[in-house]
Amino acid sequence: MTPVPGSTVVAYRDDGPLSRAMGLLVAGQLPPLPPVIAGTFVTGVLLLLGVAGTDGLAVFAPAVTLLLAGPGSTHAHDGRFDWLVPPILRLIEYTFVAACGFAHEVHPVVIFVLLGALAFHHYDLVYRLRQRVYAPAWLSTFGLGWDGRMMVVSLVALTGWLTSGYLLLALYLWAFFGWESLTCWLAAPRSGVETPDMGTQD
């Protein structure tokens, strides 16, 4: 666990390797909010048109979102409304996962188990940053990031094995995020975790 530098908005994004690689291409020169808003609109349209079918247009939503939102991953996110980017990315990811699952008649329990793994990870990420600590850099790499997870769901949808894919992805994410979070917090000094909140109450 390492101290968090000035802006934490970028860390809230939960970018995977694909998104970070695209961000390097523009060297932080692309404002993050407009492309993410555009990605939300396009993803919504694709979900409405394709309803996430194996031969529908919705399976291309992750690629479109990555192309639009990925390049902004290296921006400082220091604009007045750039704090909106992470929750918008959460909305896109959760909506896509749910839409794909229900469109392919995946059992609701399996869908909610996968969404639960994502929610747990993002809650854990938010809580760490509130305590002024970063998650390790490899967490978003092996956790695939919002972009990688959406791409996996899209590829599984194309194969037609969505129930098995959802279940395997959910088990992997729960095991990985749960193990990493547990070991991380057990290793964290108790005083170092509680001090920031105590300071804000004075």
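What counts and what doesn't
Residues numbered from 1 in each chain as written. Predicted model: local features only at pLDDT ≥ 70, side-chain atom pairs only at ≥ 80, totals over all residues. Heavy atoms only, no water. 1 Å grid on protein atoms, 1.4 Å probe; cavity = no way out; pocket = protein on both sides within 12 Å on 5 of 7 lines; lining within 4 Å. Points joined across faces, edges and corners; volume = space filled by probe spheres on them. Helix = DSSP H or I, 4+ residues; strand = E, 2+ residues; numbered from the N terminus. Nonpolar A, V, L, I, M, F, W, Y, C, P; charged D, E, K, R; others polar. Buried < 20%, exposed > 50% of the residue type's maximum accessible area, 1.4 Å probe, protein only. Polar contact = N/O pair within 3.5 Å; in protein donor to acceptor, adjacent residues only side chain to side chain. Axes fitted to C-alpha atoms, helices over the stretch in contact; angles between N-to-C directions. Parallel < 35°, antiparallel > 145°, perpendicular 65-115°, else oblique. Left-handed = near helix turned anticlockwise from the far one by under 90°. Contact = heavy atoms within 4.5 Å. Phe/Tyr/Trp six-rings, centres within 6.5 Å; stacked < 30°, edge-to-face > 60°. Core = buried A, V, L, I, M, F, W, Y, C linked by side-chain atoms within 4.5 Å.

K.L.:
Any chance you could explain the layout of surface pockets here in plain terms?
P.N.:
Any empty space left between the atoms is revealed when a probe the size of a water molecule rolls over them. Roughly 310 Å³ of internal volume is contained in the largest pocket. For the largest pocket, the lining is made up of 15 residues, of which Val10, Ala11, Asp15, Arg20 and Ser140 are closest to its centre. Of all elements in the fold, only helix H1 (9-12), helix H6 (108-130) and helix H7 (137-142) reach the threshold of two or more residues within the lining of the largest pocket. Here the lining of the largest pocket gets three residues from one element, more than from any other, and that element is H7. Of the residues contributing to the lining of the largest pocket, the split by class is eight nonpolar, four polar and three charged.

K.L.:
For this particular structure, what's the right way to read the side chain of Ser73?
P.N.:
For Ser73, the location among the structural elements is in the loop between helix H4 (61-69) and helix H5 (85-103). On the basis of relative accessible area, Ser73 is assigned to the buried category, the value being 5%. At 2.9 Å, the side chain of Ser73 and the backbone oxygen of Ser19 are in polar contact.

K.L.:
Which parts of the structure should I look at to understand the packing of H5 against helix H8 (residues 145-159)?
P.N.:
Geometry of a packed helix pair, given as the angle between the helix axes and the separation of the axes. Relative to each other, H5 and H8 sit at 15°, their axes nearing to 10 Å. Taken as axis vectors, H5 and H8 run roughly parallel relative to one another. For the element pair H5 and H8, the recorded crossing hand is left-handed. Residues Leu89, Arg90, Ile92, Glu93, Phe96, Val97 and Cys100 of H5 lie in contact with H8, whose contacting residues are Trp146, Arg149, Met150, Val153 and Ser154. Partitioning the contact of H5 with H8 into residue classes produces eight nonpolar, one polar and three charged.

K.L.:
Honestly, the packing of aromatic side chains in this entry has me stumped. Any pointers?
P.N.:
Under the criterion given, the structure shown has nine aromatic pairs. Aromatic pair Phe102 and Phe112: ring centres 6.4 Å apart, planes at 70°, arrangement edge-to-face. Taken together, the residues span a long stretch of sequence, with Phe102 in helix H5 and Phe112 in helix H6 at a distance of ten residues. Ring centres of Tyr172 and Phe176 lie 5.9 Å apart, and the angle between their planes is 5°; this geometry places the pair in the stacked category. In this pair, Tyr172 and Phe176 are both assigned in helix H9 (residues 162-187), four residues apart and thus about one turn of the helix distant. Since its relative accessible area comes to 35%, Tyr172 is described here as partly exposed. Using a relative accessible area of 12% as the deciding quantity, one classes Phe176 as buried.

K.L.:
Explain the nonpolar core to me, please; I cannot follow it from the model alone.
P.N.:
The nonpolar side chains of a soluble globular protein tend to be buried with one another. By size, the foremost hydrophobic cluster in this structure holds 40 residues, and its most contacted members are Phe96, Val97, Leu114, Val153, Leu162, Tyr166 and Leu173. Ignoring any residue separated from it by four or fewer positions in sequence, one finds Val97 in contact with Leu114, Leu115, Leu118, Val153 and Tyr166.

Geometric descriptors of this kind do not, in isolation, establish any biological role.
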